[in-house]
Amino acid sequence: MFDLLGLLGPAIVTTKILLQELWKLKIDWDESVPSEIELKWKIIKENFLFLNNIKVGRHIICINPTNIELHGFCDASMKAYGAAVYVRSIDEFGNVESKLAASKSRVAPIKIVTLPRLELCASVLLVELMKVVIDSLKIEFSALYYHTDSTIVLSWLKLDPANLQIFVSNRVSFIQSNTNVADWRHVRSEENPADLISRGMLGKELVN
């Protein structure tokens, strides 16, 4: 599926998760897959048809903007983590438009990792995605904001990486080096759009 911007990310991540489940079973190429996996795939495939009903405007900034902000959101579940970046523009009359610019998802490692660490991986992914969007759009943004629903990650970002374990230290150091920590914000889980990409959605759900 050709989706460079990740606009269909929540639907595509369901297939990534399914492929990982299949890989864990270590089935040979000529063996049949378990009926449970086959059923999951059929449901996902049937729901792809609904994606034809999604229309996305090519223009992501309002006419005559007086203020343009970039807002990034990240989230993680035990199965996957992801990030979504939105452009928020305001015109001279105070009208606000917020449009999805890009999203990215990754399946969680097979080796068990704690949820806070996965949230940290999602934060790193967000920083990388934000940089790609900034470099691609070549717009002077009035402000950059990074949103996470993980209070643990926000606490880690305020610490000296030297005092943290290697896994956490490396990622915190990367985030601190590539963003202004003051630009990080807390968002409630139920208001975090990246939640959709971390848990995945069927095509019929994504249309709505």
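Thresholds, definitions, all that
- Residues numbered from 1 in each chain as written.
- Predicted model: local features only at pLDDT ≥ 70, side-chain atom pairs only at ≥ 80, totals over all residues.
- Heavy atoms only, no water.
- Helix = DSSP H or I, 4+ residues; strand = E, 2+ residues; numbered from the N terminus.
- Buried < 20%, exposed > 50% of the residue type's maximum accessible area, 1.4 Å probe, protein only.
- Lys, Arg positive; Asp, Glu negative; His and termini not counted.
- Salt bridge = Lys/Arg side-chain N within 4 Å of Asp/Glu carboxyl O.
- Polar contact = N/O pair within 3.5 Å; in protein donor to acceptor, adjacent residues only side chain to side chain.
- Contact = heavy atoms within 4.5 Å.
- Patch = residues over 30% accessible without salt bridge, like charges linked within 9 Å, V, L, I, M, F, W, Y side chains within 5 Å.
- Areas by Shrake-Rupley, 256 points an atom, 1.4 Å probe, with all protein chains shown as cover.
- Expected span 1.5 Å × (residues − 1).
- Arc of directions from axis to C-beta.
- Core = buried A, V, L, I, M, F, W, Y, C linked by side-chain atoms within 4.5 Å.
- Pairing = 2+ DSSP bridges.
- Axes fitted to C-alpha atoms, helices over the stretch in contact; angles between N-to-C directions.
- Phe/Tyr/Trp six-rings, centres within 6.5 Å; stacked < 30°, edge-to-face > 60°.

(A) Just the side chain of Glu-119, in detail. In this fold, Glu-119 is placed in helix H3 (residues 115-137). Within the buried core, Glu-119 has no salt-bridge partner, and the shortest N-O distance to an opposite charge, that of Arg-199, equals 12 Å. From its side chain, Glu-119 meets the backbone nitrogen of Ala-76 in a polar contact 3.4 Å long. For Glu-119, the contacting residues outside a window of four places in its chain are Asp-75, Ala-76, Thr-148, Asp-149, Ser-150 and Val-153.

(B) A look at a nonpolar patch on the surface. Taken together, the side chains of Phe-2, Leu-4 and Leu-5 make up a nonpolar region of the molecular surface, amounting to roughly 420 Å² of accessible area. Topologically, Phe-2 is positioned in the segment before helix H1 (9-24). Overall, the relative accessible area of 76% leaves Phe-2 in the exposed class.

(C) Fine view of helix H2 (residues 35-48). Under the 1.5 Å per step criterion, the end-to-end length of H2 is 20 Å for 14 residues, consistent within 8% with the ideal 20 Å. The complete set of buried residues in H2 reads Ile-37, Ile-44 and Asn-47. In an axial view of H2, the angular spread of the buried residues amounts to 95°, which keeps them on one side of the axis. Opposite its buried face, H2 presents the exposed residues Ser-35, Leu-39 and Glu-46, each directed more than 90 degrees away. In this structure, the buried residues of H2 make contact with H1 and helix H7 (203-207).

(D) View of the nonpolar core. The biggest cluster of nonpolar side chains holds 36 residues, and the ones touching the most others in it are Val-87, Leu-126 and Trp-184. Those elements giving two or more residues to this core turn out to be strand E1 (65-76), strand E2 (80-91), strand E3 (96-107), H3, helix H4 (151-156) and helix H5 (166-178). In terms of residue count, H3 provides more of this core than any other element does, eleven residues in total. Setting aside anything within four residues of it in sequence, one finds Leu-126 in contact with Gly-72, Phe-73, Cys-74, Ala-83, Ala-84, Val-85, Tyr-146, His-147 and Trp-184. Residues Leu-8, Ile-12, Leu-51 and Leu-206 belong to the second largest nonpolar core, which totals six residues.

(E) Examining H3 more closely. Compared with the 33 Å implied by 1.5 Å per residue over 23 residues, the 32 Å span of H3 between its first and last C-alpha is a close match. The first or second residue beyond H3 is Lys-138, which carries a positive phi of 50°.

(F) Broad picture of the sheet that holds E1. Spatially, E3-E2-E1-E4-E5 is the arrangement adopted by the five strands of the open sheet, whose pairing is mixed. Both outer strands of the open sheet, E3 and strand E5 (184-186), are each paired with one neighbouring strand and no more. Taking the axes of each pair of neighbouring strands and ignoring which way they run, one obtains an average angle of 25° across the sheet. Helix-sheet contacts for H1 involve E2 and E3, and the interaxial angle to E3 is about 5°.

(G) A look at the packing of aromatic side chains. Under the defined criterion, the tally for this structure stands at three aromatic pairs. Ring plane angle 85° and centroid distance 5.9 Å describe the contact between Phe-73 and Tyr-86, whose orientation is recorded as edge-to-face. On the criterion of sequence distance, the pair formed by Phe-73 in strand E1 and Tyr-86 in strand E2 is long-range, its members being 13 residues apart. For Phe-73, a relative accessible area of 13% puts it in the buried group. Their ring planes at 20° and their centres at 5.0 Å tell us that Tyr-146 and Trp-184 sit as a pair that is stacked. With Tyr-146 in strand E4 (residues 143-148) and Trp-184 in strand E5, this residue pair connects regions lying 38 residues apart in the sequence.

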